[in-house]
Structure formats: structure tokens, C-alpha cells
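# Survey of secondary and tertiary structure
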Amino acid sequence: QVQVVESGGGLVQAGGSLRLSCAASGRIFSRYHVGWFRQAPGKEREFVATISWGGGSTAYADSVKGRFTISRDNAKNTVYLQMNSLKPDDTGVYYCAAEISSAYAALLKYDNAYWGQGTQVTVSS
């Protein structure tokens, strides 16, 4: 079993940057694909980015491509989401999810994942 905890959210002006962290417990976190999702007020949760267990494969939502970068440090059991050029539309609660799967990380829906409690990101205009 894996527990994940997000951190790094906050209030930032448009154009600014934040780095979110997803810290996990468990010795085999390095075997988990990890995804970042977000949910804006009144909207459904949406996919943001994903990274394979080894870090060699990543994928992004079109809305964040070129601005966000997902990475991981398995020695620290942590996955990061570097968010640059933030826009007010990026506002929401950001969640990370971890799942072991033989599927490609880019195709994973995270339906059977361990989820964190989320961290709030607010981008002011």
C-alpha cells in the first residue's frame, strides 16, 4: 500500500511559477506510475500530467504542454510538478495519484490508484 501527500500549492500571480510535490510512503513507490490531476470549482477533475515508474515516459494535457513539467526522484519517493507561466485557468485543487500497472503511463486512467488529499493552487489575474 502507498500513501501520497501533495504539497507546494499556494497563491501566485498570473505568469508566476509553483512546484508541487507528491511524497509517497512505501518501499516500492518506484514501481508506480504517478499522475497529476486537478479540479476547479464546479468542474470535474481533469488529467494534467503523468510519469512512468522509471521516469522515462511522460505525457501532458494539451492545456499545460510547454508550461508544466513532471519529474520524479525515486530515491526520495517524490514526484514533482513544475508549473510555469501560470494562468488563472490553472486554479484548482491538484491531486496526485499512484498506481502499479503494466499499461503505458500515458494510457493509464488511474481508476485503481492511491490518491492524495490535494493541494490548492490559486492563480490571480
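Refer to the structure above for everything that follows.
Described below are features of the structure shown in this document.

Conventions we followed
- Residues numbered from 1 in each chain as written.
- Predicted model: local features only at pLDDT ≥ 70, side-chain atom pairs only at ≥ 80, totals over all residues.
- Heavy atoms only, no water.
- Disulfide = S-S within 2.5 Å.
- Helix = DSSP H or I, 4+ residues; strand = E, 2+ residues; numbered from the N terminus.
- Buried < 20%, exposed > 50% of the residue type's maximum accessible area, 1.4 Å probe, protein only.
- Pairing = 2+ DSSP bridges.
- Axes fitted to C-alpha atoms, helices over the stretch in contact; angles between N-to-C directions.
- Core = buried A, V, L, I, M, F, W, Y, C linked by side-chain atoms within 4.5 Å.
- Contact = heavy atoms within 4.5 Å.

A separate point is the state of the cysteines. A full pass over the atoms with the stated rule returns 1 disulfide. A sulfur-sulfur separation of 2.1 Å characterises the disulfide bridge that pairs C22 with C96. The sign of the 65° torsion about the S-S bond sets the C22-C96 disulfide as right-handed. Of this pair, C22 sits in strand β3 (residues 18-24) while C96 is found in strand β9 (residues 92-99), placing the two residues 74 residues apart along the sequence. Considered together, C22 and C96 belong to a single accessibility category, that of buried residues.

Attention now goes to the sheet that holds strand β7 (residues 68-73). Read across the sheet, 4 strands follow the order β1-β3-β8-β7 without closing on themselves; strand pairing throughout is antiparallel. Of all strands in the sheet, those bounded by a partner on one side alone are β1 (4-7) and β7. Neighbouring strand axes in the sheet, compared pairwise and without regard to direction, differ in orientation by 15° on average. Strand direction decides the pairing type here: β3 and strand β8 (residues 78-83), joined by 6 bridges, are antiparallel. The partner of S21 across the bridge, within β8, is Y80.

This next bit is on the nonpolar core. Counting 27 residues, the largest nonpolar core has W36, L81, M83 and Y94 as its most contacted members. Residue assignment for this core shows that the elements contributing at least two residues are β3, β4 (33-39), β5 (46-51), β7, β8, β9 and β11 (119-124). At 4 residues, β3 tops the list of elements feeding residues into this core. Setting aside its immediate chain neighbours within four residues, L81 contacts L18, R19, L20, W36, V48, A49, F68, T69, I70 and Y94.

Moving on to unusual backbone geometry. Despite not being glycine, N77 shows a phi value in the positive range, around 55°. Turning to its location among the elements, N77 is positioned in the loop between β7 and β8. Given the relative accessible area of 17%, N77 is considered buried. One non-glycine residue, Y110, lies in positive phi territory at about 60°. Position of Y110 relative to the elements: it lies in the loop between β9 and β10 (114-115).

Everything listed is a geometric property; what it means functionally is a separate question.
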